[in-house]
Amino acid sequence: MRYNCLIIDDEKLLADSTAEYFNLFGVKTAAVYSAEESQSFFEGNTAELVLLDINLGDGSGFALCRKLREQTDIPILFISARTSDDDKIAALKIGGDDYIQKPCSLGVLLAKVQAVLKRYGRGREESYLDHRLNIDIPKQSLSVDGSPVKLTALEFKLLAYLVQNRGKVVSKQELFENVWADKFTGDGTLNVHIRRVREAIEANPNQPEYIVTFWGKGYKFEGGRE
């Protein structure tokens, strides 16, 4: 599943109420309550932004930020009641994009998250261009080695979803729900469409460089190699 925001905070009631508030205003948000749960979340989901508390019951938000930075470049906003300048400097030094001081009203927090999503998140992967491919998602156009290539609407939707989640392993179930809008689409149908997209974009569909299979997990759009 794809979310706009993931809240990681061991204060469950606060995290849940914040997520509920964000969802009311169209920012699709999930909440988890520990570093371990956040790792489980990213095994089957994606988020465009992380709202991260420094103090977690099973570890430090700083340590989790370092780990997340090994996996993703999405914005990470620290939120904490700590007032030390050292904490603020550390948060930014290890890869955080901002430091928000608690207490903070939900309205102010929502506005901050919406601004960051607008700047870095939504629409960030509206196209993909390299030495071989040119994928324009809004125009639903694809060219390979400078020549236009035609995909069916469903094939392009599949390619676009993988591109928009570039660098993440997307599970089959997520593809079923977000590309086909059907939880019960079979593996055979997905495999056929993956094969057709690979035949359209890969130099060698049997040794794909763009859409890579992670057995037992799903598929990841990695980008071609120079």
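Residues numbered from 1 in each chain as written. Predicted model: local features only at pLDDT ≥ 70, side-chain atom pairs only at ≥ 80, totals over all residues. Heavy atoms only, no water.

Colleague: How should the sheet that holds strand β8 (residues 76-80) be read in this particular structure?
Modeller: Whenever strands of a sheet pair, they do so through backbone hydrogen bonds, lying parallel or antiparallel. Spatial ordering of the open sheet is given by β3-β2-β5-β8-β9, a layout of five strands whose pairing is parallel. Each of the sheet's edge strands pairs with one partner strand only, and the pair in question is β3 (29-32) and β9 (98-101). With direction set aside, neighbouring strand axes in the sheet form an average angle of 20 degrees. Pairing analysis gives three bridges linking strand β2 (residues 5-8) to strand β5 (residues 50-53), with the strands arranged parallel. Bridge pairing links Ile 8 to Leu 52 in β5. Here helix α2 (residues 35-44) sits on the sheet and contacts β2, β3 and β5; the angle it forms with β3, its principal contact strand, is near 140 degrees. Strands β2, β5 and β8 of the sheet are contacted by helix α3 (residues 61-69), whose axis makes an angle of about 175 degrees with β8. (Pairing = 2+ DSSP bridges. Helix = DSSP H or I, 4+ residues; strand = E, 2+ residues; numbered from the N terminus. Axes fitted to C-alpha atoms, helices over the stretch in contact; angles between N-to-C directions. Contact = heavy atoms within 4.5 Å.)

Colleague: Would you mind going over the sheet that holds strand β15 (residues 211-214) with me for this structure?
Modeller: With respect to topology, three strands assemble into an open sheet ordered β14-β16-β15, the strand pairing being antiparallel. Each end of this open sheet is capped by a strand with a single partner; those strands are β14 (170-171) and β15. Here β14 pairs with strand β16 (residues 218-221) via two bridges, running antiparallel. Its bridge partner being in β16, Val 170 is matched across the sheet by Tyr 219.

Colleague: What exactly am I supposed to notice about the state of the cysteines here?
Modeller: Here, the word disulfide means a covalent bond between the sulfur atoms of two cysteines. All told, the structure shown has zero disulfides when counted by the stated rule. Considering cysteine sulfurs only, Cys 5 is the nearest to Cys 65, which forms no disulfide, with 14 Å between them. Taking the relative accessible area as the measure of exposure, Cys 65 reaches 0% and is therefore buried. (Disulfide = S-S within 2.5 Å. Buried < 20%, exposed > 50% of the residue type's maximum accessible area, 1.4 Å probe, protein only.)

Colleague: Can you help me understand the pairing of β3 in this one?
Modeller: As defined by bridge partners, β2 adjoins β3 across four bridges and the pair is classed as parallel. Paired with Leu 6 across the strands is Ala 30, a residue of β3. Chirality of the crossover, the property in question, places the unit of β2, helix α1 (residues 12-24) and β3 among those that are right-handed. (Right-handed = clockwise from strand over helix to strand, strands pointing away.)

Colleague: Got a minute to help me understand helix α6 (residues 153-164) in this structure?
Modeller: Since one α-helical turn is 3.6 residues long, residues separated by three or four positions face the same way. Between its first and last C-alpha atoms α6 spans 16 Å; for twelve residues at 1.5 Å apiece the expected length is 16 Å, and the two agree. All buried positions along α6 are accounted for by Glu 155, Phe 156, Leu 158, Leu 159, Ala 160, Tyr 161, Leu 162 and Val 163. (Expected span 1.5 Å × (residues − 1).)

Colleague: I would appreciate a short explanation of the pattern of salt bridges in the present structure.
Modeller: Any two side chains of opposite charge can pair if their charged atoms end up close together. Tallied over the full model, the rule gives eleven salt bridges. Between Asp 97 and Arg 69 there is a salt bridge, with its nearest N and O atoms 2.9 Å apart. Here Asp 97, found in the loop between α4 (85-93) and β9, pairs with Arg 69, found in helix α3; they are 28 residues apart in sequence, far enough to count as distant. In the salt-bridge network here, residues are joined through shared partners; they are Asp 9, Glu 11, Asp 53 and Lys 102. (Salt bridge = Lys/Arg side-chain N within 4 Å of Asp/Glu carboxyl O.)

Colleague: What am I meant to see in the nonpolar core here?
Modeller: Soluble, globular proteins show a tendency: their nonpolar side chains are buried together. Ranked by internal contacts, the top residues of the largest apolar core, which has 28 residues, are Ile 135, Leu 159, Ile 201, Ile 211 and Phe 221. Secondary structure elements with two or more residues in this core: β11 (133-136), β12 (141-144), α6, α7 (172-178), α8 (187-201) and β16. Take this core: its biggest share by element is seven residues, from α6. Contact partners of Leu 159, with chain neighbours within four places excluded, come to Ile 135, Leu 142, Leu 151, Val 197, Ile 201, Ile 211 and Phe 221. In terms of nonpolar packing, the next biggest core, distinct from the first, is built from 23 residues, Ile 8, Val 50, Cys 65 and Ile 94 among them. (Core = buried A, V, L, I, M, F, W, Y, C linked by side-chain atoms within 4.5 Å.)

Colleague: How do you make sense of the environment of Asn 204 when you look at a structure like this?
Modeller: Mapped onto the secondary structure, Asn 204 falls in the loop between α8 and β15. Look at Asn 204 and you get partly exposed, because its relative accessible area is 31%. A polar side-chain atom of Asn 204 sits 3.0 Å from the main-chain amide nitrogen of Asn 206. (Polar contact = N/O pair within 3.5 Å; in protein donor to acceptor, adjacent residues only side chain to side chain.)

Colleague: What exactly am I supposed to notice about the layout of surface pockets here?
Modeller: Where empty space is left in the structure can be found by rolling a water-sized probe over the atoms. Reported here for the largest pocket is a volume of approximately 400 Å³. Every residue lining the largest pocket is counted, 15 residues in all, and those nearest its centre are Phe 42, Glu 43, Gln 71, Lys 168 and Val 169. Here the lining of the largest pocket takes three residues from α2, the largest share from any one element. By residue class, the composition of the lining of the largest pocket is four nonpolar, seven polar and four charged. (1 Å grid on protein atoms, 1.4 Å probe; cavity = no way out; pocket = protein on both sides within 12 Å on 5 of 7 lines; lining within 4 Å. Points joined across faces, edges and corners; volume = space filled by probe spheres on them. Nonpolar A, V, L, I, M, F, W, Y, C, P; charged D, E, K, R; others polar.)

Read these as spatial facts, not as claims about activity.
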